[in-house]
Amino acid sequence: MKNVKSANYWQVDHEVRNIFGVKGITVLPSPRAWEKFGWTRKWFEKKPKEGYFIWVKKQVDFPLATCITIATPKISQNLNNLLVIEKGIKAKAIVTCNAAENKLCGKHRAKGKLILKDNVSLEYNHFHKWGEKDFVSLDYEFILGKNSQLLYTYQNLFPPENLQLKTTIYSNENSSSKLNFIINGLNSNIKIQDIIFLKEKSAQGIARLRLVGRENSRIEAISKIFALAPSKGHLDCRGLLLDRTAKISLIPEIVCQNKDAQITHEASIGKISEEELTYLRMRGLSEEEAIDLIVSGFLNI
Amino acid sequence: MREILLKIDKLKVKGSGKEILKGVNLQIKRGEIQTLLGPNASGKSTLAQVILGNPKYKITQGRIFFEGKEITKFFPEKRAKLGIAMTWQSPPAIKGVKFSQLLARISTFGGSTSREVAKGVEPNLLEREINVDFSGGEKKMSELVQVIALNPKLVIFDEIDSGLDIKRLEKAAKIIKKELVDKKVSILLITHSGAILNFLKPDITNVMVQGRIICREKDYKKVLKIIKKYGYEKCKKCKLLAG
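Everything in this summary refers to the structure shown in the same document. Just so you know, these numbers come straight off a predicted model, no measurement behind them.

## Side note on the overall build of chain B
- Secondary structure summary: chain B contains eight helices and 12 strands in total.
- Its C-alpha atoms give chain B a radius of gyration of 17 Å, within 12% of the compact-globule value 18 Å for 243 residues.
- Overall, the C-alpha framework of chain B stretches about 50 × 40 × 40 Å when taken along its three principal axes.
- In chain B, which comprises 243 residues, the share counted as buried stands at 45%.
- Across chain B, every contact between residues at least 6 apart in sequence was considered, and the portion connecting residues at least 24 apart equals 69%.

## Let's talk about unusual backbone geometry
- For Asp 13 of chain A, which is not a glycine, the phi torsion comes out positive at approximately 55°.
- Assignment of secondary structure puts Asp 13 of chain A in the loop between β1 (7-12) and β2 (15-20).
- Residue classification places Asp 13 of chain A among the partly exposed residues on the basis of 17 C-beta atoms within 10 Å.
- For Asp 133 of chain B, which is not glycine, the phi torsion reads 60° and is therefore positive.
- The topology assignment puts Asp 133 of chain B in the loop between β8 (129-130) and α5 (136-149).

## Observations concerning the packing of α5 of chain B against helix α6 (residues 166-179) of chain B
Residues and elements named next belong to chain B.
- Two elements in contact, α5 and α6, have axes separated by 11 Å at closest approach and are oriented at 5°. When the interaxial angle is binned, α5 and α6 end up roughly parallel. Across the interface between the two elements, Gly 137, Lys 140, Met 141, Leu 144 and Ile 148 from α5 touch Arg 168, Ala 172, Ile 175 and Glu 179 from α6.
- A class-by-class count of the residues in the contact of α5 with α6 yields five nonpolar, one polar and three charged.

## With respect to the sheet that holds β2 of chain A
Residue and element names in this part refer to chain A.
- Spatial ordering of the open sheet is given by β2-β1-β5-β7-β9-β11-β13-β15-β17-β19, a layout of 10 strands whose pairing is mixed. Unpaired on one side and paired on the other, β2 and β19 (262-271) mark the two borders of the sheet. Each neighbouring strand pair of the sheet contributes to a mean axis angle of 5°, computed without reference to strand direction.
- Here 10 bridges tie strand β13 (residues 176-185) to strand β15 (residues 204-213), and the two strands are oriented parallel to one another. Residue pairing across strands places Phe 181 opposite Leu 209, the latter belonging to β15.
- Against the sheet, helix α4 (residues 287-299) makes contact with β13, β15 and β17 (232-241), and its axis sits at roughly 165° relative to β15, the strand it touches most.

## As for the interface of chain B and chain A
- Counting residues at the interface gives 20 residues for chain B, matched by 17 residues for chain A.
- Every element with two or more residues in the side of chain B that touches chain A is listed here: α2 (76-82), β7 (94-98) and α3 (99-106) of chain B.

## Section: the nonpolar core
- Ile 54, Ile 85 and Leu 116 of chain A together with Val 155 of chain B are the most contacted members of the largest nonpolar core, which totals 145 residues.
- Every residue in contact with Leu 116 of chain A, bar those within four places of it in the chain, is listed here: Ile 85, Leu 122, Phe 142, Ile 143, Leu 144, Gly 145, Ser 148 and Leu 150 of chain A.

## Digging into the pairing of strand β6 (residues 76-85) of chain A
All names here are of chain A.
- Counting buried positions over the 10 residues of β6 gives eight, a clear majority of the element.
- Relative to β6, strand β4 (residues 52-56) runs parallel, the two being bridged by four bridges. Opposite Trp 55, over in β6, you have Val 84 as the bridge partner.
- Where β6 meets strand β8 (residues 107-116), 10 bridges bridge the pair, whose relative direction is parallel. Within β8, the position partnered with Gln 77 by the bridge is His 108.

Analysis parameters
- Residues numbered from 1 in each chain as written.
- Chains lettered and ligands numbered in written order.
- Predicted model: local features only at pLDDT ≥ 70, side-chain atom pairs only at ≥ 80, totals over all residues.
- Helix = DSSP H or I, 4+ residues; strand = E, 2+ residues; numbered from the N terminus.
- Rg over C-alpha atoms; globule rule 2.2 N^0.38 Å.
- Buried ≥ 20, exposed ≤ 12 C-beta atoms within 10 Å, placed from the backbone.
- Contact = placed C-beta atoms within 7 Å.
- Axes fitted to C-alpha atoms, helices over the stretch in contact; angles between N-to-C directions.
- Parallel < 35°, antiparallel > 145°, perpendicular 65-115°, else oblique.
- Nonpolar A, V, L, I, M, F, W, Y, C, P; charged D, E, K, R; others polar.
- Pairing = 2+ DSSP bridges.
- Core = buried A, V, L, I, M, F, W, Y, C linked by C-beta atoms within 7 Å.

In structure tokens:
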């Protein structure tokens, strides 16, 4: 495996199928990291049963890749993940969680702590693809050091029956976070909660939500920013309802505890414009094709 | 004798509960250029939208034929695939979708020829979102490229000339001539001004007032002169009045 340019972790059900680190990047199952590195106990809270630990100590020019899959009916995963990036490193992560089949009725619970030390830049692309009977619960915390930057994109176009998504950002001095949530609701109950704490001066945070409600979907999103210091934040929450059995609820909340902070929000829920639909149909697209094109544009952040 | 491509027979149409078209008759032959003049709110754009099948309008009487086949109840996409295309007067913006994406989807040439045309017309439009922050002129050019991409048999231009400066108007007319007229595509030009007619020289000029075509004349210059002199209201009393 010499000269292989990757650092990755692949888990199916409870089994680690592939784990690979390179010089400067440690990749371990979380329970092993708990035993080997005492300092990780601060972040794990209690001894983890499963999940990954990735410690980036050196700049690399390839993305970190993780994949967690459920493949057995009624499987229940309970993951604790920890990603630590040392000072001044620029990194990219591609994170995939999925179901190998459609009707596994599986459970995927994941708690994640992502520590970005000072001057770190991280682009974190998080993809979910689930079966229609799965239950998924995610609780991720990002801790941003001074001058660090986070671009987090969560995309879920194949939702489970039940999805609970909690994302919390703690922003230190002069750090910035951009969160994008792109979620397609179909026969699913989805609860989203994202919170950005702008703790120190000159911190910036933006959360963008693009939510599509198709048949029998219930989406409830609470998007919050707390400004505790002179900082800037913005919430941009948009929903698109495609079916009369769908319901979207958007609650943006901005809390300001510093007179020099500037936080704003916008929220809207709409349906597809008949005019746009007719326009595209006159270009030869069927009604279904026209809706797909408009929705793809809506989800394109 | 040239074959009749589009035939509209005693068409009455309602929009928002109000009668807009009150018995329109129109025939366009293959390769023919016709123009439709008329004051604001006379029903010109409604006629264009109804020919393309906009479900917003309700046909209460009359029929539409294309190449001898009745299409009155066809969906818009079916009409587009038969070869009927139109440029919109005020096209809607479609956020997040690039103009090049739409061209690739609609083009019967697989996107390449229309892409070439687009590059020649407005190269900066291709990577922009459809009609988002397009200027008036850019919208018209984008519409023109799209109808060319559809490889149509009949194109209805709904005020393609409004908002275009003289240079762009000349450019648009040249493209229409090269890509459509020279390929024997039939054209119905809805316009307020005569400028574009001087470039494209219609075979027939129609005048619509209050939901009816009241004039059908070969000499567009003569019609324009009368409208300029007497206005549309007096067209009703004109000796060229259509039977």
